[in-house]
Amino acid sequence: MNGTVVCFGELLLRLTAPGRELLLQNGRLDVHVGGAEANVAVGLASLGHATAMISRVPSNALGQGAIDHLRRYGVSVEGVARGEGRMGLYFLSVGAGLRPSSIVYDREGSSFALAGKQDFNWDRSLDGANLLHLSGITPALGPKSADVALAAAKAARSRGIQVSFDGNHRAQLWQRWASDPKAILGELVAAADIFFGNHRDISLLLERDFSGDGEQRRREAAEAALDAFPNLQLIASTARHIDDADRHRISARVDSRKGGFQTEEIVVAGIVDRIGAGDAFAAGILHGVLAGADHERTAGYGLALACLKHSLPGDASLFGQADIDAFLSGELDVRR
């Protein structure tokens, strides 16, 4: 499929305690540019897709740095506006052993969170797009951001552009305001063609439990979501089992009305950085969809990028097709 994948969401700075220290243990922080939707844009650009970002950043060196980051990896930044407010931040302490990673958000009053529907020109930003990707993080920021996310999805649908939506439920953000995540996320899923979410996300949306186990439960949940949301064509998810901070077991699944496919579970050990693995997975799945791949191949692409991302510092996947092919073939030796 030709056209541009447009990603809409907040650009952030991630400040990480070096090594596996606690936050401010030694007063130093490493900085990466992040944001769920921007990570997907970078991941797809690394695979050769035309991608563009719609966002808003402050008119200062931090905002410019985020823009330069996207431009460096081939993402169009014409849709990234500058405005009042500050740069959104989040702070990460990387887990070790049986201590999990922890995140502190500092996003209130950011330039993006202050933006309203009038601050985005959908005719210009969606011109030439064949897919819009957004996530549940944007509406979790507050009522203005929720309205903007819904406006973006509706603008895409009205123009015949596919919509990809990653549920990305962030309880810390939703709890900061008088929100109704079920209703808001339900509207966004209803507007989507592709949904990234597992049986727990679907349980939240449909207010029901699924009694099966493993693959059976995930297929049951997918069928319920496909019945409840007629526009949905594909649902993708991962299952992650955490042994400790350095060893996870991950599988990937895709479901459509015609059936589903689930990969074998892969052991991911020696983890360098797990942040952004879900966004890498989304990029892999969209890569498969855009290439017209079948369910098995699409799930494999998603699993490959999700697992590979654990080996790379920073928020985004920077891997190409050759890296995916090497992963799927089990190639581990030095490539010379």
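Remember, it's a predicted structure, so these values are computed and weren't measured experimentally. (Residues numbered from 1 in each chain as written. Predicted model: local features only at pLDDT ≥ 70, side-chain atom pairs only at ≥ 80, totals over all residues. Heavy atoms only, no water.)

Moving on: the overall build of the protein chain. Helices and strands together make up the secondary structure of the protein chain, namely 13 helices and 14 strands. Compactness check: the protein chain gives a C-alpha radius of gyration of 19 Å against a globular reference of 20 Å for 336 residues, within 12% of the reference. Counting only C-alpha atoms, the protein chain reaches 50 × 50 × 40 Å along its principal axes. By the burial criterion, 55% of the 336 residues in the protein chain qualify as buried. Here the analysis covers contacts within the protein chain between residues at least 6 apart in sequence; of these, 67% occur between residues at least 24 apart. About 14400 Å² of surface is accessible on the protein chain, with carbon and sulfur atoms providing 49% of the total. (Helix = DSSP H or I, 4+ residues; strand = E, 2+ residues; numbered from the N terminus. Rg over C-alpha atoms; globule rule 2.2 N^0.38 Å. Buried < 20%, exposed > 50% of the residue type's maximum accessible area, 1.4 Å probe, protein only. Contact = heavy atoms within 4.5 Å. Areas by Shrake-Rupley, 256 points an atom, 1.4 Å probe, with all protein chains shown as cover.)

The next point concerns helix α6 (residues 143-158). Counted at 1.5 Å a residue, the expected span for α6 with its 16 residues is 22 Å, and the 22 Å between its end C-alpha atoms agrees. Within the span of α6, buried status applies to Ser145, Ala146, Val148, Ala149, Leu150, Ala151, Ala152, Ala153, Ala155 and Ala156. (Expected span 1.5 Å × (residues − 1).)

Here we have 4 strands laid out as an open sheet, ordered β3-β2-β6-β7, and mixed in their pairing. This sheet does not close on itself; its edge strands, each paired only once, are β3 (30-34) and β7 (102-106). Each adjacent strand pair in this sheet contributes to an overall mean axis angle of 25 degrees, direction not counted. As judged from the 5 bridges shared by strand β2 (residues 12-16) and β3, these two strands associate in the antiparallel manner. Opposite Leu15, over in β3, you have Val31 as the bridge partner. (Pairing = 2+ DSSP bridges. Axes fitted to C-alpha atoms, helices over the stretch in contact; angles between N-to-C directions.)

On to the pairing of strand β13 (residues 259-262), then. Bridging between strand β12 (residues 247-256) and β13 involves 4 bridges; their strand directions are antiparallel. Residue pairing in the sheet places Arg253 in a bridge with Gln262 of β13. Taking the residues that link successive antiparallel strands as the turn, the β12-β13 hairpin has 2 residues.

Bringing the nonpolar core into the picture now. Phe8, Trp122 and Leu232 are the most contacted members of the largest nonpolar core, which totals 54 residues. If near-sequence neighbours (up to four positions away) are discounted, Leu232 is found in contact with Val189, Ala192, Asp193, Ile194, Phe195, Ala225, Leu226 and Arg257. Counting residues in hydrophobic clusters, the runner-up holds 52 residues, among them Val40, Leu44, Val75 and Ile194. (Core = buried A, V, L, I, M, F, W, Y, C linked by side-chain atoms within 4.5 Å.)

The next thing to look at is the packing of helix α9 (residues 199-206) against helix α10 (residues 215-228). Direction vectors running N to C along α9 and α10 enclose 40 degrees, while the axes themselves pass 9 Å from each other. With respect to each other, α9 and α10 are oriented oblique. Once α9 is placed against α10, the crossing between them reads as left-handed. Residue-level contacts link His199, Ile202 and Leu206 of α9 to Arg217, Arg218, Ala221, Ala222, Ala224, Ala225 and Ala228 of α10. Along the lines of polarity and charge, the residues of the contact of α9 with α10 split into 7 nonpolar, 1 polar and 2 charged. (Parallel < 35°, antiparallel > 145°, perpendicular 65-115°, else oblique. Left-handed = near helix turned anticlockwise from the far one by under 90°. Nonpolar A, V, L, I, M, F, W, Y, C, P; charged D, E, K, R; others polar.)

One pass over the full model with this rule turns up 19 salt bridges. Between Asp193 and Arg157 there is a salt bridge; the shortest N-O distance is 3.3 Å. Of the two residues, Asp193 is situated in the loop between α8 (181-190) and β10 (194-196) and Arg157 in helix α6; the sequence distance between them amounts to 36 residues. Judged by relative accessible area, Asp193 falls into the buried class, the value being 11%. Of the residues examined, Arg157 reaches a relative accessible area of 32% and is grouped as partly exposed. Each of Glu215, Arg219, Glu223, Arg253 and Asp255 takes part in salt bridges that share partners, so that together they form one network. (Salt bridge = Lys/Arg side-chain N within 4 Å of Asp/Glu carboxyl O.)

On to the packing of aromatic side chains. Tallying each qualifying case throughout the model produces 9 aromatic pairs. Consider the rings of Trp174 and Trp177, whose centres lie 5.9 Å apart with planes at 25 degrees: the pair is stacked. Ring pairing ties together the aromatic residues Phe8, Phe112, Phe120 and Trp122, which thus form one cluster. (Phe/Tyr/Trp six-rings, centres within 6.5 Å; stacked < 30°, edge-to-face > 60°.)

Now for the pairing of strand β1 (residues 4-8). In terms of burial, β1 is largely enclosed, as 4 of its 5 residues are buried. The pairing of β1 with strand β8 (residues 129-135) spans 4 bridges and is parallel. From the neighbouring strand, Thr4 faces β8, where its bridge partner is Ala129. In this structure, β1 lies alongside strand β4 (residues 51-58), joined through 4 bridges in parallel fashion. Counterpart to Phe8 in the pairing with β4 is Ile54.

The N-to-C vectors of helix α12 (residues 295-309) and helix α13 (residues 321-328) enclose an angle of 100 degrees; their axes lie 9 Å apart at closest approach. Considered as vectors, α12 and α13 are oriented roughly perpendicular to each other. The segment α12 lies against α13, with Arg297, Gly300, Tyr301, Leu303, Ala304, Leu305, Cys307 and Leu308 engaging Gln321, Asp323, Ile324, Phe327 and Leu328. When its residues are assigned to classes, the contact of α12 with α13 shows 9 nonpolar, 2 polar and 2 charged.

Relative to the assigned elements, Leu312 resides in the loop between α12 and α13. Considered as a pair, Leu312 and Val272 are 40 residues apart in the sequence and their alpha carbons are 6.1 Å apart. Excluding residues that lie within four positions of it along the chain, Leu312 makes contacts with Val272, Asp273, Leu318 and Phe319.

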